[in-house]
Amino acid sequence: MASSPCGHSNFDSGLEIKTRSVEQTLIPLVSQITTLINHKDQPKKSERTQAAIHRVGQAVSVAVGRFVTVGEAIATENQELKDEMGQACFEARRAGDTIAQLTDVGPALLSPSDGPVTVFSDRTGMVKAARLLLSSVTKVLVLADRIVIKQIITSRNKVLVTLDHLERVSTFQEFVQIFSQFGNEMVEFAHLTGDRQNDLKDEKKKARMAAARAVLEKCTMMLLTASKTCLRHPDCESARLNKDAVFHRMRCALEQVIEIVTEARSCGENKILPASIYNGINNFKSSVECLRENLNSPSSQSIGSHLEALVERTEDFTDSAYTSHEQRQAILSLCQLARLEAQQLVQAWAEAQSVHAEAATEDMEVAILKTCQSASELRRELHKVAVIRAADLLKVHGEQLPLRALKAAGAEGNLEAVAEYSRTLTEQKEQLVETCRLLCHVSGTEPLEITCIHAEETFHVIGPQIVSAAQTLALHPSSKIAKENLEVFCEAWESQLCDMALLLREINDVFEGRRGDKRSYLSLPRPGKLSANLKTAKAVKLDAEEQTSMAKQGLELRLLSSDVDTEVEKWEEQEHDVVRQSQSLASMAHNMYLFTRGEGLLKTTVDLFHQAEVFSEEGLQLCSSLRALSTQLVDEEKSVVVTEMEKMLALCQQLQMGARSSVQGKTATFQKVDSSIQTTRGLLTVVLSLLPTCHKLTRKYKSEKSSLGSLQDWRERQAASKPVKEEETPNKDSNGFGVKTLEQHIVGLNLLESK
């Protein structure tokens, strides 16, 4: 009997899959192996069945062989992984060979007693070989994923070194030179971490990564102006404090990213999130309902203490100076009602126990329902209080009166007025911080809790930074750099208020059971791709009249982006390139819609044109994916896709050229905005028309995918991931080597499903 390469391997231990790319890569292999093992065990096998099993076994062996070749190449180029990767590759190749042997059945099947060992006679051996193959392939993928993590760490280290140099510069010339390098390194880091964020399976980690990346994106501009102000006024203490706070926050955000990707023990993920009332009430209701199923449950004895812990958390609402008397009384009354209902439940439970009831009595059922209802009413009231508080604050702070007053007082050199308005801003900051804490209690999901905490921390940090920037301007009222610096910090405050409005909408959507809109797409240009025109263009905002003129186009853009999101949700393969790229386009289009309303992350026309350029690049990537898809199609189907793809290509080029064109004057700038929005709308219209067709065709041809990559493919992608010189214009995505390369060598295993 053929020996099976099983048993002494420990590859299946400790291999937690943390990314979607690894998971999606393994799905075809799991499917094929499962089908192979679960073939019908009939006494008589037809020649067709034998031939099919033989083809599958050989295909698995060949695909694994090519997969292993890539793994071995990775091991050669990454010495720290050589031993582990080599062992995993060895086990995978051995398991693949065993599967090929066990499926090597001849046209005339011999009896099990005198014929060769096959899948028909040694099902146990096949199961062991399959298990080893899956575990060793998983090991190779997880090890390859470490390279992605290594790239992020290397990129972070480069950013930190340059950040240290920036902090120590003493001349403008040196600062400009180093900041240019810093900007390129931050772009590279942003793309690496953005790809990682999208790949993470854990939603909490994705939310924490999004928060850290948002800090880095916003702090980059703050670092520029704060450093310039400090260089211009080296003896100004408030300028130094302002600059130091930015550098400190950037370092903390960089560290948080690394903690997330490496899962360091000090990672905030391991710190317990503040206990939210929303989750506490859900847990309380679950423990109450458990009494129905298990009358002897010990949870009945802790109902009272559990409820009291919940009531204690409501003190964040009732103790707040900003909670009205009516709201406070409503919360206290509902807490008391919940106590009374819980007491009735405990009494009903005791009575059921005394008569040795086998199921919940009628009185107990009523008490359970009333207790859960009172808890739900308490949650509803707390949600209403938090949401009303947040909405009122956003409405009041939307006028930005303290910020305007601070700017005016600073420009006049009025230190007393700056101090007075700083106190007003500090009070507003405390209100916003407390409101974020209340929203965290009622947010409904852990990712939203993390976003609330991020908002709380942001207001807590930016408030004092605005004050120090205003003090600097008051001390140097004629300084253009100090004025620009204060403007940047005020814009960051306004941006966080916009983010808080989006967060409030998402919390409401969760509470009401609706699917909220997706978080904003934080996009940055590819290295060397942002045109010089965008760097030197004057940043302006749309005025009220221009926003009114753009309202109809903006609304159409929003509806189109929503339709694209709805269409891609129909796809079974959510990791398909067409799906991911279409989602990115829809998200960026939503950002552009918010710009037409004077909301969102895009504050000025320069931001919009930057977003339009990134949109065109993503559209070109989608064209490449569609071109690859079209190669699988027959003439009639291919012509439909190619025709629409050519329209998209022309629109992408038009949008890119328009975004890079230089304009002067208010009228010309508005016309450029109008053109960018119209072209974006046209592009989304084409995407929306293509998605149903592509979905139908991918489903039709899914079973025929059998593309097996080569070692040369991997080397080309590895070369594409290396930093490029400024004069180079790479056409490939600069995301670097990831699991997707290995993924190509597993895709070929799909062929079994068509047999």
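This is a predicted model, so every value here is computed, not measured.

Helix and strand content of the protein chain: 24 helices and zero strands. Residues classed as buried in the protein chain amount to 50% of the 755 residues present. Restricting the contact set of the protein chain to residue pairs at least 6 apart, pairs at least 24 apart contribute 81%. Summed over its atoms, the accessible surface of the protein chain is roughly 35,500 Å², and 51% of this surface lies on carbon and sulfur atoms.

Attention now moves to the nonpolar core. In terms of nonpolar packing, the biggest core is built from 104 residues, with Met-250, Phe-317, Met-364, Ile-466 and Trp-493 touching the most fellow members. In terms of residues, this core owes the most to one element, helix 12 (residues 362-397), which gives 13 residues. Dropping the residues within four chain positions of it, Met-250 is found in contact with Leu-163, Phe-182, Met-186, Leu-216, Cys-219, Thr-220 and Leu-223.

In total, this model carries three aromatic pairs according to the counting rule given. Seen from their ring centres, Phe-175 and Phe-179 are 5.6 Å apart, and the 25° between their planes marks the pair as stacked. Taken together, the positions of Phe-175 and Phe-179, both in helix 5 (residues 172-199) and four residues apart, correspond to about one turn of that helix. Grouping residues by exposure puts Phe-175 and Phe-179 together as buried. When the ring of Phe-179 is compared with that of Phe-182, the centres are 5.8 Å apart and the planes differ by 40°; the resulting orientation is tilted. In this pair, Phe-179 and Phe-182 are both assigned in helix 5, three residues apart and thus about one turn of the helix distant. Residue Phe-179 shares its accessibility class with Phe-182, and that shared class is buried. Joined through ring pairs, the aromatic side chains of Phe-175, Phe-179 and Phe-182 make up one cluster. A cation over an aromatic ring shows up here: Lys-672 above the ring of Phe-609, its NZ or CZ 4.1 Å from the ring centre.

Two side chains bearing opposite charge may form a pair once their charged atoms approach each other closely. Tallying each qualifying case throughout the model produces 26 salt bridges. With a shortest N-O distance of 3.2 Å, Lys-407 and Glu-487 are connected by a salt bridge. In this pair, Lys-407 sits in helix 13 (residues 401-411) while Glu-487 sits in helix 16 (residues 480-511), placing the two residues 80 residues apart along the sequence. Note on Lys-407: relative accessible area 23%, which makes it partly exposed. For Glu-487, a relative accessible area of 31% corresponds to the partly exposed category. Among the charged side chains, a salt-bridge network with shared partners connects Glu-84, Lys-139 and Arg-146.

To continue, consider the confidence of the model for the protein chain. Averaged over all residues, the pLDDT of the protein chain is 78; the fraction at 70 or higher stands at 79%. Here residues 516-536 scores under 50 on pLDDT; set against residues more than four positions off or in separate chains, the count is 70 contacts. A low-confidence stretch, residues 703-755 stays under pLDDT 50, and its non-local contacts, those more than four residues away or across chains, total 105 contacts.

Packing of helix 14 (residues 415-442) against helix 15 (residues 446-475) leaves a shortest axis separation of 8 Å and a crossing angle of 175°. If you check the angle between helix 14 and helix 15, you find them roughly antiparallel. Split by residue class, the contact of helix 14 with helix 15 holds 18 nonpolar, four polar and four charged.

Once that is clear, we can look at helix 21 (residues 635-660). Look at helix 21: 37 Å from first C-alpha to last across 26 residues, which is about the 38 Å you get at 1.5 Å a residue. For helix 21, the full list of buried residues reads Glu-637, Val-641, Glu-644, Met-645, Met-648, Leu-651, Cys-652, Leu-655, Gln-656 and Ala-659.

Moving on: helix 16. The terminal C-alpha atoms of helix 16 lie 47 Å apart, and with 32 residues this matches the ideal 46 Å at 1.5 Å per residue to within 8%. A large share of helix 16 lies buried, amounting to 23 of its 32 residues. Gly-513 sits one or two positions beyond helix 16 and adopts a positive phi of about 80°.

The next thing to look at is a negative patch on the surface. Taken together, the side chains of Glu-312, Glu-315, Asp-316 and Asp-319 make up a negatively charged region of the molecular surface. Checked against the element boundaries, Asp-319 lands in the loop between helix 10 (315-318) and helix 11 (325-354).

Here Gln-656 lies in helix 21. In contact with Gln-656, not counting residues within four places along its chain, are Ser-616, Glu-617 and Leu-620.

Our next topic: the packing of helix 6 (residues 203-232) against helix 7 (residues 237-262). Interaxial distance between helix 6 and helix 7 falls to 8 Å at its minimum, and their mutual angle equals 155°. Compared by their axis directions, helix 6 and helix 7 come out roughly antiparallel. In this structure, helix 6 crosses over helix 7, and the sense of that crossing is left-handed. Looking at side-chain class alone, the contact of helix 6 with helix 7 contains 18 nonpolar, five polar and six charged residues.

Our next topic: the environment of Ala-129. Mapped onto the secondary structure, Ala-129 falls in helix 4 (residues 123-168). Note on Ala-129: relative accessible area 0%, which makes it buried. Taking the C-alpha atoms as reference points, Ala-129 and Ala-92, 37 residues apart in sequence, are found 9.2 Å from one another.

Its place among the elements puts Met-221 in helix 6. Along the primary structure Met-221 and Ala-492 are separated by 271 residues, whereas in three dimensions their C-alpha atoms are 9.5 Å apart.

Relative to the helices and strands, Glu-457 resides in helix 15. Taking the C-alpha atoms as reference points, Glu-457 and Cys-436, separated by 21 residues in sequence, lie 9.2 Å from one another.

Conventions used here
Here the residue numbers are simple positions, counted from 1 along each chain's written sequence. Given that the model is predicted, a residue must reach a pLDDT of at least 70 before its local features are reported, and side-chain atom pairs must reach 80 or more before they are shown or counted; all residues, however, enter totals for whole chains, interfaces and linings. Calculation of side-chain values draws on the structure's entire complement of heavy atoms; hydrogens and water are dropped beforehand. For helices the rule is a DSSP run of H or I covering at least 4 residues; for strands it is a run of E covering at least 2, with both sets numbered from the N terminus onward. Exposure categories follow from relative accessible area, calculated using a 1.4 Å probe and restricted to protein chains: below 20% of the type maximum is buried, above 50% is exposed, and the middle band is partly exposed. Here, residues are in contact when the closest pair of their heavy atoms is within 4.5 Å. Shrake-Rupley sampling with a 1.4 Å probe provides the accessible areas, and residues are treated as covered by the protein chains on show and by no other component. Buried residues of nine kinds, namely Ala, Val, Leu, Ile, Met, Phe, Trp, Tyr and Cys, make up a nonpolar core once their side-chain atoms join them within 4.5 Å. Working definition: a ring pair exists when centres of Phe, Tyr or Trp rings (six-membered ring for Trp) sit within 6.5 Å. Plane angles under 30 degrees give stacked, over 60 give edge-to-face, the rest tilted. In this scheme, Lys NZ or Arg CZ marks a charge over a ring once it lies within 6 Å of the ring centre and within 35 degrees of the ring normal. Any Lys or Arg side-chain nitrogen found within 4 Å of a carboxyl oxygen on Asp or Glu counts as a salt bridge. Per residue, pLDDT captures the predictor's confidence, and it can take any value from 0 to 100. Angular values range over 0 to 180 degrees, each being the angle between N-to-C directions of two axes fitted as lines to C-alpha atoms, with helices fitted over their stretch in contact. Roughly parallel covers angles under 35 degrees, roughly antiparallel covers those over 145, roughly perpendicular covers 65 to 115, and oblique covers all other angles. Following the grouping adopted for this structure description, the nonpolar residues are Ala, Val, Leu, Ile, Met, Phe, Trp, Tyr, Cys and Pro, the charged ones are Asp, Glu, Lys and Arg, and the polar ones are all others, Gly among them. A helix is expected to span 1.5 Å multiplied by its residue count minus one. Like-charged residues within 9 Å of one another, or nonpolar side chains (Val, Leu, Ile, Met, Phe, Trp, Tyr) within 5 Å, are grouped into patches, provided each residue has over 30% relative accessible area and no salt bridge. Positive: Lys, Arg. Negative: Asp, Glu. His and the chain ends are not part of the count. Where a charge lies is defined by one atom per residue type, namely NZ (Lys), CZ (Arg), CG (Asp) and CD (Glu). Crossing handedness is defined as follows: a turn of the near helix away from the far one that is anticlockwise and smaller than a right angle gives a left-handed crossing, while the clockwise case is right-handed.

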